[in-house]
Structures are given as C-alpha cells and as structure tokens.
Amino acid sequence: MPEEDKDAFWISQNAELRLTATPVLYHCEPIWSWKADSLPDFAIWGILDGSGQIRRNGKSFTLAPGFCFLFEPGEEIEAEQDLADPLSLFVLRFQILDTKPNELSSDQIHTPSQPVHIPSGRILEAIAQLALAWDAENEIEKQLQDHALRMLLLLMADASRTVFDDRIARVSSLIDSDLGRKWTIEELARESGLSPSQFSRIFSKQYGEPPIQNLIHRRMNAAKQLVLETDLSIDEISHRVGYENHAFFQRQFLKHVGFDPVSLRRNRAL
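Attention here is on the structure that accompanies the text. (Residues numbered from 1 in each chain as written. Predicted model: local features only at pLDDT ≥ 70, side-chain atom pairs only at ≥ 80, totals over all residues. Heavy atoms only, no water.)

A word on the environment of Pro112. When you line up the elements, Pro112 lands in the loop between strand E9 (88-97) and strand E10 (116-117). When the C-alpha positions of Pro112 and Phe69 are compared, they lie 8.0 Å apart, and in sequence the two are 43 residues distant. (Helix = DSSP H or I, 4+ residues; strand = E, 2+ residues; numbered from the N terminus.)

This part is about the packing of helix H4 (residues 166-177) against helix H5 (residues 185-192). Relative to each other, H4 and H5 sit at 130 degrees, their axes nearing to 9 Å. Here H4 lies oblique to H5, going by the angle between them. Where H4 crosses over H5, the two elements pack in a sense that is right-handed. In contact with Arg167, Val171, Leu174 and Ile175 of H4, H5 contributes Leu188, Glu191 and Ser192. Of the residues in the contact of H4 with H5, the class split is four nonpolar, one polar and two charged. (Axes fitted to C-alpha atoms, helices over the stretch in contact; angles between N-to-C directions. Parallel < 35°, antiparallel > 145°, perpendicular 65-115°, else oblique. Left-handed = near helix turned anticlockwise from the far one by under 90°. Contact = heavy atoms within 4.5 Å. Nonpolar A, V, L, I, M, F, W, Y, C, P; charged D, E, K, R; others polar.)

For H4, with twelve residues, the first-to-last C-alpha span of 17 Å sits near the 16 Å given by 1.5 Å per residue. Buried within H4 we find Ile168, Ala169, Val171, Ser172 and Ile175. For H4, the angular spread of the buried residues around the axis is 160 degrees, confining them to a single face. Relative to its buried face, H4 has exposed residues pointing more than 90 degrees away, namely Arg170 and Ser177. In the core, the buried residues of H4 are packed alongside strand E6 (59-63), H5, helix H6 (196-207) and helix H7 (211-229). (Expected span 1.5 Å × (residues − 1). Buried < 20%, exposed > 50% of the residue type's maximum accessible area, 1.4 Å probe, protein only. Arc of directions from axis to C-beta.)

In this approach the atoms are scanned with a rolling probe the size of a water molecule, which exposes any empty space left behind. Of the pockets and cavities examined, the largest pocket occupies roughly 1500 Å³. For the lining of the largest pocket, the elements supplying multiple residues, two or more each, are strand E2 (24-27), strand E4 (42-49), helix H2 (121-132), H4, H7 and helix H9 (246-257). The element best represented in the lining of the largest pocket is H7, accounting for eleven residues. In terms of residue class, the lining of the largest pocket is built from 21 nonpolar, 16 polar and 13 charged. (1 Å grid on protein atoms, 1.4 Å probe; cavity = no way out; pocket = protein on both sides within 12 Å on 5 of 7 lines; lining within 4 Å. Points joined across faces, edges and corners; volume = space filled by probe spheres on them.)

Now for unusual backbone geometry. At Asn57, a position not held by glycine, the phi torsion is positive, near 55 degrees. One can find Asn57 in the loop between strand E5 (52-56) and E6.

Here the focus is the nonpolar core. Judged by nonpolar contacts, the single largest core of 47 residues is most densely connected at Trp45, Ile54, Phe69, Phe71, Phe199 and Phe249. The leading source of residues in this core is H7, at seven residues. Among residues more than four places away in sequence, those in contact with Phe249 are Met220, Ala223, Ile234, Ile237, Ser238, Val241, Tyr243 and Pro261. Core analysis: the second largest hydrophobic core is formed by 25 residues, Trp10, Ile11, Leu124 and Ala131 among them. (Core = buried A, V, L, I, M, F, W, Y, C linked by side-chain atoms within 4.5 Å.)

Any functional reading would require information beyond the geometric quantities listed.
This is how it looks when you write it as structure tokens:
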C-alpha cells in the first residue's frame, strides 16, 4: 500500500496501536497552560468541555467541546484555556506500528492537520470513558481501550472529510469573547465574510448544530461555570450571558443544565 494511503482510516483498520503512557483525563485548573517543543509520540486530544486556544507548529486553533486533534511526533504545541471556562480534555499517547510490526514514523502516515469536530458529545464522552478505563494487567480492559482508540480514529477520519474553516473558528472565538452581546446571524456572517446562508451552513457542519443553538449552549455552559465558581447573583449572571428576562434565563438554564441556578449553587456547598 502506498505511504500516502496510511491515513486515520487505515490506522484504525490495519495498524497495531501501542500506548506509551496511561490515558489521562484533565480537569484543568484556571491557570492551566501546556507547552511541548517536540512531542515524543503520536497523541490524540479530545475536548469534552471548556474553551481555549492552541498553537500547533505556529498555527492557532480554537479549543471547544467536541474538537479532536491528532498530533504527530516532533510537533510543537502550546495551549492555554479561557480563564472563565476551564477545559476538560482527555489525552491518549501511542505508537503506530505496521503489520510487521515495525514502528511507523510521522512521514509515513497522513493524519489530519486540522482539528476535527465530533458532532455528538455523548459519543466522544463514551469513547473517553472506555479509553480511560485501562489497566495494563487486565486483558479485557486493554481490548476495550484498543477498540475505543480505533473507534475514535474512525470518527476522526470521517469528520476530517468536512473541511475546517478558519473563518468560522475566528467567529467562534469572537462569540466566546462577548457572550452577553445580542448576536444575530447577519452580524456573525458579516464578521466571517460570508453570506448569512453560507455562514449558517458551514457553521452547522463544523460545530454539529446551528449557530443560535450553539450560542445558547455556550451561554448555558458559561452560566453554569459562574453559578458554581462565583458568588455573583443569579440576576447578574443572567445579564452577563445575554439574558435580560431573568425568568426566561432560569427556564433555559433548567432545560440545558438539569438544575435551576439556585439549586445548583445550593448543591455546590454540599
């Protein structure tokens, strides 16, 4: 098989995958940042919650829920999170071997250079749980972990067919910088340089849901963080994330978080 055919799909079906470190789930502290001048192994990052920025070989990308990165050995990575929206991510480090098995180098493998978005957060969380439940002495758990890693590579191979659009990523960062603003599709499209219909179509494909629905989810995630980590009044939190009608905000919060804000804050102290 030609070298260029060894992509994420080929890896998931044919290669032997060998972990080089125990899979890790990070619930990052507010001051978290991370830097590597040269990665030692292949690695997958899966973003489960929170937001931030990452520089990969000098190029910037947004960190947001559902995004996955497949890094190659030797890459230079620098990442930091948004202080108000701490990250949760899982990390898998591994070698890729061919059928001999001999270790394959990064120049023999074609991996996505752009982040890919997995539209279903539940699927990504389920894969993370399987990958993290790993015990080197337990053969069943090792097999589950191997299946999870291959499943993740398959999803990334499929998702990478959707071209990552930097114009949409820039607008995504702009939204996060001012969640309280009354954004409209027309404004967001203008910021991206696209027509409203083009913007909505590309955004939905890249993030797995329409722009307004995605904005609501971001606002509710930010509100949940403020309820849990600050002593701001519920009314002030409502205003900060763009809701002047506080009763409507509380209904939205209950719908998306599963608790009303007061109950969630009360449970925080338990």
